[in-house]
Amino acid sequence: MKAGIHPEYREVVFQDVTTDFQILTRSTLSSKESVKLEDGNEYPLIKVDISSASHPFYTGKHKIMDTGGRVDKFRKRYTK
């Protein structure tokens, strides 16, 4: 590997803005914001919209949006 061409790989905190879920991991992303965790260290903070704490697939809160009764029409048409 050539020296000086790779981004810095460091510990960062990803925070889900909808649930305030935080995870400490390593990344090359940088941020102007920072957060202090329970261990007393300060880490760069990356805010994300969706994480495993808020995604419907992982939380089991997936909802079927039925607009205009399309599901009922389908069931009625193909049920024998």
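Scroll up a little and you will see the structure.
Cut-offs applied
- Residues numbered from 1 in each chain as written.
- Predicted model: local features only at pLDDT ≥ 70, side-chain atom pairs only at ≥ 80, totals over all residues.
- Heavy atoms only, no water.
- Helix = DSSP H or I, 4+ residues; strand = E, 2+ residues; numbered from the N terminus.
- Buried < 20%, exposed > 50% of the residue type's maximum accessible area, 1.4 Å probe, protein only.
- Contact = heavy atoms within 4.5 Å.
- Areas by Shrake-Rupley, 256 points an atom, 1.4 Å probe, with all protein chains shown as cover.
- Phe/Tyr/Trp six-rings, centres within 6.5 Å; stacked < 30°, edge-to-face > 60°.
- Pairing = 2+ DSSP bridges.
- Axes fitted to C-alpha atoms, helices over the stretch in contact; angles between N-to-C directions.
- Polar contact = N/O pair within 3.5 Å; in protein donor to acceptor, adjacent residues only side chain to side chain.

**Student:** Please set out the overall build of the protein residue by residue, giving values where relevant.
**Tutor:** A count of helical and extended segments in the protein gives two helices and four strands. Along its sequence from the N terminus, the protein presents helices and strands in the succession β-β-β-β-α-α. Within the protein, the fraction of its 80 residues that count as buried is 16%. Long-range contacts, defined as pairs at least 24 residues apart, comprise 33% of the intrachain contacts of the protein with a sequence gap of at least 6. As displayed, the protein offers around 7,100 Å² of accessible surface, 53% of which is attributable to carbon and sulfur atoms.

**Student:** Report on the packing of aromatic side chains, specifying residues and quantitative values.
**Tutor:** Tallied over the entire structure, the rule returns one aromatic pair. Ring geometry for Phe74 versus Tyr78: centroids 4.9 Å apart, planes at 50 degrees, classification tilted. Here Phe74 pairs with Tyr78, and both are found in helix α2 (residues 70-78), just four residues apart, close to one helical turn. Classification of Tyr78 by relative accessible area gives exposed; the value is 53%.

**Student:** I'd love a proper account of the sheet that holds strand β1 (residues 10-16), names of residues and values included.
**Tutor:** With mixed pairing, the four strands of this open sheet are ordered in space as β2-β1-β4-β3. The open sheet has two edge strands with one neighbour each: β2 (22-27) and β3 (34-36). Shown here is a sheet whose adjacent strand axes are inclined to one another by a mean of 45 degrees, direction ignored. As defined by bridge partners, β3 adjoins strand β4 (residues 42-48) across three bridges and the pair is classed as antiparallel. The residue bridging Ser34 from the neighbouring strand is Pro44, located in β4.

**Student:** How would you summarise the side chain of Ser27 if you had to cite specific residues and measurements?
**Tutor:** Inspection of the secondary structure assignment puts Ser27 in strand β2. On the accessibility criterion, Ser27 (11% relative accessible area) is buried. A distance of 3.1 Å separates the side chain of Ser27 from the backbone nitrogen of Leu29, its partner in a polar contact. Not counting residues within four places of it along the chain, the set of residues in contact with Ser27 comprises Glu8, Tyr9, Arg10, Val12 and Phe14.

**Student:** Describe in detail the pairing of β1, supporting the description with residues and values.
**Tutor:** Across the seven residues that make up β1, a large majority, five, are buried. As consecutive antiparallel partners, β1 and β2 are separated by five residues, and within that stretch Asp20 has a phi angle of approximately 60 degrees, a positive value. The pairing of β1 with β4 spans four bridges and is parallel. Opposite Val13, over in β4, you have Leu45 as the bridge partner.

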